[in-house]
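# A closer look at the structure
For reference, the chains in residue letters:
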Amino acid sequence: MLIIGSHVNFGSNQLVGAVNRALSYGANTFMFYTGAPQNTIRKKLEPAYINEAKKLMQEGGINLENVICHAPYIVNLANKEKEEAWHFSINFLKQEIQRVEELGVKYLVLHPGNALKIERDVALNNISEALNAIINEDSKVMILLETMAGKGTECGKTTEEIKTIMDGVLLQDKVGVCLDTCHLNDAGYDINEFDEYLKEFASIIGIDKIKCVHINDSKNGLGSHKDRHANLGYGTIGFTNLVKVVYHELLKDVPKILETPWLGDYPPYKFEIAMLKDKTFNPNLEADVKEFYKNERNF
Ligand code: FE
Ligand code: FE
Ligand code: ZN
């Protein structure tokens, strides 16, 4: 069965809001941040909300095993020039893992980090070292390193870089990979040749390490190193290629998560998920989304 969902906001009623939004999009999984993606301010998780969310998931057919949490993107494990900031990132992620565990969620997606002014191999080593400080044997959460576009000094823009980071981690069964189709395209991996990409990935890391795939089109061309997501079929990757990824036999048990841009004030996910389920491109996506939500208050 297709495991499909999108990024959803984690609202004032925490996981409950996230689940309700996911269900309204026709999703059977979702990805959330435990607070704002761009900061590290986090509220205590309310057990009552966790229990209610679990009940809603059960009723709505969302298996918690497929739910993904994304770490905020300002934490940077790659650069140690400001020791304090590096330790802050480590401590934040330790707490984030606890929160994720409290929710019963298994996967935490992480951007590996930005090298900034230091050598790349040193940066990759810093990430592994930080992961060793963050992960412990009792942890039930797997950290998924996301494949990056290579914008600026981003680490993780090649399969080899991800492999180098993973090799430095002592508890190997606690790290995996999250592919992102927009990032792959922007990093220079042609999604027209996705089979080739997976073949290479299999020989370097292993397909079983892929635990999540972000499904996004890209506003920019192959190898542009930009990282700007486009709606499905409205970018340079194209709808047919994205369908091929979503239905790829080797990835059939892996959750697929959309992180495409909102259209005006509205989320596109209900209609993009329908497109993928039907394997049919919707040339009226924006108009359909706006029409559907114009009288809605909750989305
Ligand atoms: Fe990400
Ligand atoms: Fe992503
Ligand atoms: Zn991105």
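Reference entry: report on the structure contained in this document. Values in this document were obtained by computation on a predicted structure and should not be read as measured data.

## What to know about the nonpolar core
Membership of the largest hydrophobic core comes to 89 residues, with the highest contact counts inside it found for Leu15, Phe30, Phe32, Leu131 and Leu179. The leading source of residues in this core is helix H3 (residues 83-103), at seven residues. If we ignore the near neighbours within four places in the chain, the residues touching Leu15 are Phe10, Phe30, Phe32, Ala53, Met57 and Leu103. Counting residues in hydrophobic clusters, the runner-up holds nine residues, among them Ile68, Val109, Leu144 and Cys178.

## Looking at the environment of Phe194
Mapped onto the elements of the fold, Phe194 is located in helix H7 (residues 194-204). Residue Phe194 is classed as buried on the basis of its relative accessible area, which comes to 1%. Sequence-wise, Phe194 and Thr181 are 13 residues apart; in three dimensions their C-alpha atoms are separated by 9.7 Å. Residues in contact with Phe194, not counting those within four places in the same chain, are Leu179, Leu184, Lys244, Val245, His248 and Leu251.

## Some remarks on the coordination of the zinc ion (ligand 3)
Perfect tetrahedral coordination of a metal by four donors corresponds to 109.5 degrees between them, and perfect octahedral coordination by six donors corresponds to 90 or 180 degrees. Summarising the metal site, the zinc ion (ligand 3) is bound by the protein donors His183 (NE2), Asp227 (OD) and His229 (NE2), whose distances to it range over 2.0 to 2.3 Å. Here the donor residues of the zinc ion (ligand 3) share one chain and are spaced in sequence as H-x43-D-x1-H. Here the zinc ion (ligand 3) and the iron ion (ligand 1) are spaced 5.3 Å apart. Highlighted residues: His183 in helix H6 (residues 181-187) and His229 in strand S9 (residues 229-230), separated in sequence by 46 residues. In this structure, His183 and His229 share a single accessibility class: buried.

## Remarks on the packing of helix H9 (residues 269-278) against helix H10 (residues 285-293)
One way to put it is that H9 packs onto H10 with a least axis distance of 9 Å and a crossing angle of 130 degrees. Accordingly, the angle class assigned to the pair H9 and H10 is oblique. Taking contact as the criterion, the partners of Lys270, Phe271, Glu272 and Met275 in H9 are, on H10, Leu285, Asp288, Val289, Phe292 and Tyr293. Classifying every residue of the contact of H9 with H10 gives six nonpolar, no polar and three charged.

Cut-offs and rules
Residues numbered from 1 in each chain as written. Chains lettered and ligands numbered in written order. Predicted model: local features only at pLDDT ≥ 70, side-chain atom pairs only at ≥ 80, totals over all residues. Heavy atoms only, no water. Core = buried A, V, L, I, M, F, W, Y, C linked by side-chain atoms within 4.5 Å. Buried < 20%, exposed > 50% of the residue type's maximum accessible area, 1.4 Å probe, protein only. Helix = DSSP H or I, 4+ residues; strand = E, 2+ residues; numbered from the N terminus. Contact = heavy atoms within 4.5 Å. Donors = N, O, S within 2.8 Å, 3.2 Å for Na, K, Ca; no water. Axes fitted to C-alpha atoms, helices over the stretch in contact; angles between N-to-C directions. Parallel < 35°, antiparallel > 145°, perpendicular 65-115°, else oblique. Nonpolar A, V, L, I, M, F, W, Y, C, P; charged D, E, K, R; others polar.

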